[in-house]
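Understanding the architecture of this molecule
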Amino acid sequence: MTYLQAFQKYEKQLARPEELRYVFRYGRKLSYTDFILLLNTAITKADQAYLTEIFNRLSQDEPAQYIVGETEFYGLTLDVDARALIPRPETEELVALILAENASDDLKVLDIGTGTGAIALSLAKAQSTWHVLASDISPDALALAQQNATKNAIANIAFTRSDVFSNVSGNYDIIVSNPPYIADFEKVDMAKNVLDYEPHLALFAEDNGLAIYQKIAENAQSYLTDKGKIYLEIGHLQGQAVSQLFQHHFPDKRVSVLQDLAGKDRMITID
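Per an unreviewed UniProt entry, the chain carries the name Release factor glutamine methyltransferase and comes from Pseudolactococcus raffinolactis. For the chain, the Sequence similarities (unreviewed entry) comment in UniProt is given as "Belongs to the protein N5-glutamine methyltransferase family. PrmC subfamily."

In structure tokens, the structure reads:
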């Protein structure tokens, strides 16, 4: 049996067949060209066993990124596992927006709910003169974020365990958050690879998914500099609710709802 025949045998049984080749290539550290050249050769016993193992895990809806243990995010390679959510491509758009709108040196940045550290580490890497504080309520997530800071040799970042602002002090030029924002009633529509494997603490929030935004809106004024800005990622149906919430608490600031590349409401800026 060739590699191609082995892949085809398994792929037709998977809901996301492209993940099988992705995990195999990553695990075997094959370039795309090397992988293509391999397809029409006879599969080895070791690779047949490896392919079967990958198939079995994907069949149980385990996320491909958790299987390989890494993912790419804004030029960084981040370790990922069940301690934190897998960073999404839409969040890269939030990072790009912050960097495009803030070119100043020596800014202080607070990332609330850092997870893997994706946002905080990307900003710190791109702007080495910024001072970034990454916070999370989960000690396990914080340990993973610190692991990723070491992995990517990023030094201008600190970490704190905090429930929103509960263990944070000082004033910040930028507050950014991609908090839990899924309502409990939305569980029925969620993919099993998310619902069964990614941490619920980082997915779900009370008050129809708005609880963390409410905490940020009510308290952020005490932690912002005079010209400070807030950047948020939101669920694609939350634009109106979250923008009204922040406009109420920040009547003198401009609140804007921005769309992602798919045209869905995805980001809110308060400046």
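Some remarks on the packing of aromatic side chains
Evaluation of the coordinates by the stated rule reveals nine aromatic pairs. Both rings, one in Phe24 and one in Phe35, keep their centres 6.4 Å apart while their planes meet at 55°; by these two values the pair is tilted. Taken together, the residues Phe24 in helix α2 (residues 18-28) and Phe35 in helix α3 (residues 32-38) connect sequence positions eleven residues apart. Each member of the pair Phe24 and Phe35 is classed as buried. Members of the aromatic cluster, each reached through a chain of ring pairs, are Tyr3, Phe7, Phe24, Phe35 and Tyr50. A cation sits over an aromatic face here: Lys108 above Tyr172, 4.9 Å from the ring centre.

Quick word on the UniProt feature "binding site: substrate" (unreviewed entry) in the chain
Within this structure's numbering, the places UniProt gives as "binding site: substrate" (unreviewed entry) are Asn178, Pro179, Pro180 and Tyr181. Tracing the chain through its elements places Pro179 in the loop between β6 (172-177) and α9 (192-195). With a relative accessible area of 4%, Pro179 lands in the buried category. Sequence-distant contacts of Pro179, that is, excluding residues within four places in its chain, are made with Ile212, Tyr213 and Glu233. Position of Tyr181 among the secondary structure elements: in the loop between β6 and α9.

Quick notes on the domain arrangement of the chain
By domain assignment, the chain separates into domain 1 (3-60) and domain 2 (73-270). If you average the C-alpha positions of domain 1 and of domain 2, the two centres end up 35 Å apart.

Topic: the packing of helix α6 (residues 89-101) against helix α7 (residues 118-126)
For the pair α6 and α7, interaxial distance at closest approach is 10 Å and the crossing angle is 35°. Of the two elements, α6 crosses α7, and the hand of that crossing is right-handed. Where α6 abuts α7, its residues Thr91, Leu94, Val95, Ile98 and Leu99 lie against Ile119, Ser122, Leu123 and Ala126.

Looking at the UniProt feature "domain: Release factor glutamine methyltransferase N-terminal" (unreviewed entry) in the chain
Under the UniProt annotation, "domain: Release factor glutamine methyltransferase N-terminal" (unreviewed entry) lies at residues 19-69. The distance from the first to the last C-alpha atom of residues 19-69 is 14 Å, and the span holds 73% helix and 0% strand.

Things to note about helix α4 (residues 45-59)
With 15 residues, α4 extends 21 Å between its outermost C-alpha atoms, agreeing within 8% with the 21 Å of an ideal straight helix rising 1.5 Å per residue. Structurally, α4 contributes buried residues whose contacts are with α1 (3-11), α2 and α5 (64-68).

Focus on the sheet that holds strand β5 (residues 157-161)
Taken together, the seven strands give an open sheet; going across it, the order is β5-β4-β3-β6-β7-β9-β8, and neighbouring strands pair in mixed fashion. For this open sheet the edge positions go to β5 and β8 (255-259), each flanked by a neighbour on one side alone. When strand polarity is set aside, the average angle formed by the axes of neighbouring strands in this sheet is 20°. Bridge analysis of strand β3 (residues 108-112) against β6 gives four bridges, and the strand direction is parallel. Bridged to Asp111 within β6 is Val176.

Quick word on the packing of α2 against α4
The contact between α2 and α4 brings their axes to 10 Å, and the two run at 130°. Looking at the two axes, α2 sits oblique to α4. Crossing hand, α2 versus α4: right-handed. Residues Glu19, Leu20, Val23, Phe24, Gly27 and Arg28 of α2 lie in contact with α4, whose contacting residues are Ala46, Asp47, Tyr50, Leu51, Ile54, Phe55 and Leu58.

Brief notes about unusual backbone geometry
Phi at Lys29 takes a positive value of approximately 55°, unusual for a residue other than glycine. Positive phi is not limited to glycine here, since Val164 has a value of about 55°. Tracing the chain through its elements places Val164 in the loop between β5 and β6.

Things to note about the pairing of strand β2 (residues 76-79)
As a general feature of sheets, a regular strand has side chains that alternate between the two faces. Relative to β2, strand β1 (residues 70-73) is paired through four bridges, and the arrangement is antiparallel. When the bridges of β2 are listed, Glu72 appears paired with Thr77. Linkage of β1 to β2, two consecutive antiparallel strands, is achieved through a turn of two residues, within which Tyr74 is found at a positive phi near 50°.

What counts, and where the lines are drawn
- The residue numbering used here restarts from 1 in each chain and proceeds along that chain's sequence as written.
- For a predicted model such as this one, the threshold for reporting local features is a pLDDT of at least 70, and the threshold for listing and counting side-chain atom pairs is 80 or more; totals across whole chains, interfaces and linings nevertheless cover every residue.
- Values shown for side chains rest on all heavy atoms present in the structure; no hydrogens or waters enter the calculation.
- UniProt positions are given in the numbering used here, feature names are shortened, and annotations may be inferred rather than shown by experiment.
- Aromatic pairing here means that ring centres of Phe, Tyr or Trp (its six-membered ring) are within 6.5 Å. Orientation follows from the plane angle: under 30 degrees is stacked, over 60 is edge-to-face, and everything else is tilted.
- Numbering of helices and strands starts at the N terminus; helices are DSSP runs of H or I of at least 4 residues and strands are runs of E of at least 2.
- Three exposure classes are used, based on accessible area relative to the maximum for each residue type with a 1.4 Å probe and protein chains only: buried under 20%, partly exposed in between, and exposed over 50%.
- Charge-over-ring contacts are defined here by two conditions on Lys NZ or Arg CZ: a distance within 6 Å of the ring centre and an angle within 35 degrees of the ring normal.
- Contacts are assigned to residue pairs with any non-hydrogen atoms lying within 4.5 Å of each other.
- How far each domain reaches was decided by an automatic or database domain assignment.
- Where helices are involved, their axes are fitted lines through C-alpha atoms of the stretch in contact, as for all axes, and angles between N-to-C directions lie from 0 to 180°.
- Helix crossings are classified by the rotation of the near helix relative to the far one: an anticlockwise turn of less than a right angle makes the crossing left-handed, while a clockwise turn makes it right-handed.
- Multiplying 1.5 Å by the residue count of a helix minus one yields the expected span of that helix.
- When DSSP finds at least two bridges between two strands, those strands are taken to pair.
- For classification purposes, an angle smaller than 35 degrees is called roughly parallel, one larger than 145 roughly antiparallel, one from 65 to 115 roughly perpendicular, and anything else oblique.

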